[in-house]
There are 2 protein chains.
Amino acid sequence: MAVTAKALFFDVFGTLVDWRNSIACEAETALKPRGIALDWPAFADAWRGEYQGALEEVRAGRMPFCKLDVLHRRNLEITLGRFGVGTLGEDEKRDLNLAWHRLDAWPDVPGGLARLKRKHWLAPVSNGNISLMVDLARRNNFPWDAILGAEIAGDYKPKPRVYLAAAAAFDLKPQDCMMVAAHSNDLAAAAALGLRTAHLARPNEHGPGRGESAPSIQVDYAVKGLDELAEKLGV
Amino acid sequence: MAVTAKALFFDVFGTLVDWRNSIACEAETALKPRGIALDWPAFADAWRGEYQGALEEVRAGRMPFCKLDVLHRRNLEITLGRFGVGTLGEDEKRDLNLAWHRLDAWPDVPGGLARLKRKHWLAPVSNGNISLMVDLARRNNFPWDAILGAEIAGDYKPKPRVYLAAAAAFDLKPQDCMMVAAHSNDLAAAAALGLRTAHLARPNEHGPGRGESAPSIQVDYAVKGLDELAEKLGV
């Protein structure tokens, strides 16, 4: 019998939205009029490059939980410094930091989620904070049933409590939930707790040819887009 | 200048859904085939009558926070006992308890929320748990941006932290949020924290003519339906 699940939990950065091109474009829009010329995709990569280290401070208990917006801001300061950009005011930095609220979805996502919603409960289980998830949902028509993830769990993936808090919020056992992500480590953490897993290939997440085109672990489904996942789930 | 707010927070039981007629109907559907004949609206009133007392156990710290589903179940046992219904099995009681997940909206609500969503972030700030809110949203087409309220706050209204946690989740100051409710005590608690307030009249919540047809405190808006609220907010 085909593997299925009542709820589908989605990773967001990289899996549903193209953070790299969106951040590169946002940085260029914000900084180029000030006469700043950078390698914009490299700036996006560098900003994102501080991500796991910042999360690890919280996961390891060296820092109390705070919203991802706060960590993004800390990482922005580091990244601006590294690229020699020292002239931005507070308002400009605050607005640039909100670039993460204005990411664009990969093309298959809005239609795919609408289709999947017919038979499944849908929620982001992302490290992004609730307000960030709402902005992305409004921008890209993500039809979430609820916003779950790091902020309701008070910790960051891949810590077990983030997946377990999401299942508990929906009154479901882990095996009635499926984690959908473009990253094998996210899926490995979910699978270890009993969740079902679907790997969604995003081979260009980190630039052309630099992304997971296939999972490096065993998963229930490996697909190239959300319509293919819907077909496998019989939606 | 007209009072407005980026986010609208909604009370749900009584304000958006007609719990009394829905619960009376669910109880009749569940129990009548077993030869049980009761005054069904009185059964609904009695079940709901245990509500504030149960919440107060949590609010006062005599009981740790648990989902409203758990309190509803405790209150169901009390109510079945009071009405002399002693023959239900575990599965039947579990299903009857989920009647609170199957409440019907007042007629103005689905269209009114869709209209309000064009300009405002919308969330329930209810004492109902997340899964209950999702079931009501799917049944009645409530287009929530996120599910906020008691479960993310870990306490029950009208405790301040429930309203403040909702505003914080949306990165908003209290004055940028408006609480919409059919109950003056809910609005009074929100107003004391700086939230804006809208009273939605539900004069028949507790039966014909037994509901708040007008607020007993000063509010920013007092309306008869969500379309009237949308007009006042210029949506």
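What comes next is a walk through the structure.

Thresholds, definitions, all that
- Residues numbered from 1 in each chain as written.
- Chains lettered and ligands numbered in written order.
- Predicted model: local features only at pLDDT ≥ 70, side-chain atom pairs only at ≥ 80, totals over all residues.
- Heavy atoms only, no water.
- Salt bridge = Lys/Arg side-chain N within 4 Å of Asp/Glu carboxyl O.
- Helix = DSSP H or I, 4+ residues; strand = E, 2+ residues; numbered from the N terminus.
- Pairing = 2+ DSSP bridges.
- Contact = heavy atoms within 4.5 Å.
- Axes fitted to C-alpha atoms, helices over the stretch in contact; angles between N-to-C directions.
- Polar contact = N/O pair within 3.5 Å; in protein donor to acceptor, adjacent residues only side chain to side chain.
- Nonpolar A, V, L, I, M, F, W, Y, C, P; charged D, E, K, R; others polar.
- Left-handed = near helix turned anticlockwise from the far one by under 90°.
- Parallel < 35°, antiparallel > 145°, perpendicular 65-115°, else oblique.
- Buried < 20%, exposed > 50% of the residue type's maximum accessible area, 1.4 Å probe, protein only.

### Describing the pattern of salt bridges
Oppositely charged side chains can form a pair if their charged atoms are brought close together. All names here are of chain B. As enumerated under the stated definition, the model contains 48 salt bridges over all chains in all. The partner of Arg82 in a salt bridge is Glu50, and the shortest N-O contact between them spans 2.9 Å. Taken together, the residues Arg82 in helix H4 (residues 68-82) and Glu50 in the loop between helix H2 (40-49) and helix H3 (51-59) connect sequence positions 32 residues apart.

### Here's the deal with the sheet that holds strand E5 (residues 196-200) of chain A
Residues and elements named next belong to chain A. Taken together, the 6 strands give an open sheet; going across it, the order is E3-E2-E1-E4-E5-E6, and neighbouring strands pair in parallel fashion. Of all strands in the sheet, those bounded by a partner on one side alone are strand E3 (148-149) and strand E6 (221-223). Across the sheet, helix H10 (residues 184-192) is in contact with strand E4 (177-181) and E5; its angle to E4 comes to roughly 165°.

### Topic: the interface of chain B and chain A
Listed per partner, the contact involves 24 residues of chain B and 23 residues of chain A. Taken together, the links from chain B to chain A amount to 4 salt bridges. Inspection of the chain B/chain A interface yields 12 residue pairs in polar contact (both at pLDDT 80 or more). Mapped by element, the contributors of at least two residues to the side of chain B that touches chain A are strand E2 (121-126), helix H7 (130-140), helix H8 (150-153) and helix H9 (160-169) of chain B. The dominant element in the side of chain B that touches chain A, judged by the number of residues it contributes, is H7(B), at 5 residues. Split by residue class, the side of chain B that touches chain A holds 12 nonpolar, 4 polar and 8 charged.

### Regarding the sheet that holds strand E4 (residues 177-181) of chain B
Taking strand neighbours across the sheet as the criterion, the 6 strands line up as E3-E2-E1-E4-E5-E6 (chain B) in an open arrangement whose pairing is parallel. Unpaired on one side and paired on the other, strand E3 (148-149) and strand E6 (221-223) of chain B mark the two borders of the sheet.

### What about the packing of H4(B) against helix H5 (residues 90-97) of chain B?
Residues and elements named next belong to chain B. Where H4 contacts H5, the two axes come as close as 10 Å, and the packing angle between them is 115°. Handedness of the H4/H5 crossing: right-handed. Residues Asp69, His72, Arg73, Leu76, Glu77 and Leu80 of H4 form the contact with H5, whose own contacting residues are Glu90, Lys93, Arg94, Leu96 and Asn97. Of the residues belonging to the contact of H4 with H5, the class tally is 3 nonpolar, 2 polar and 6 charged.

### Examining the packing of helix H2 (residues 40-49) of chain A against helix H4 (residues 68-82) of chain A
Residue and element names in this part refer to chain A. Following both chains from N to C, one finds H2 and H4 inclined at 130°, their axes separated by 8 Å at the closest point. Taken together, the axes of H2 and H4 lie oblique to each other. Along this stretch, H2 crosses H4, giving a crossing that reads as right-handed. Contact residues: Phe43, Ala46 and Trp47 in H2; His72, Asn75, Leu76, Thr79 and Leu80 in H4. Per-class residue counts for the contact of H2 with H4 are 5 nonpolar, 3 polar and no charged.

### Considering the side chain of Arg59(A)
Residues and elements named next belong to chain A. Here Arg59 lies in helix H3 (residues 51-59). Judged by relative accessible area, which is 13%, Arg59 ranks as buried. If near-sequence neighbours (up to four positions away) are discounted, Arg59 is found in contact with Gln52, Asp155, Tyr156, Lys157, Pro158 and Lys159.

### Looking at the environment of Trp19(A)
Residue and element names in this part refer to chain A. Within the element layout of this structure, Trp19 appears in helix H1 (residues 19-31). Judged by its relative accessible area of 1%, Trp19 is buried. Each C-alpha atom, one on Trp19 and one on Arg102, is 9.1 Å from the other, the two residues being 83 residues apart in sequence. Once residues lying within four places of it in the same chain are set aside, the contact partners of Trp19 are Phe13, Gly14, Ala44, Asp45, Arg48, Trp100, Leu103, Glu205 and His206. Looking at Trp19, its side chain comes within polar contact range of the side chain of Glu205, at 2.8 Å.

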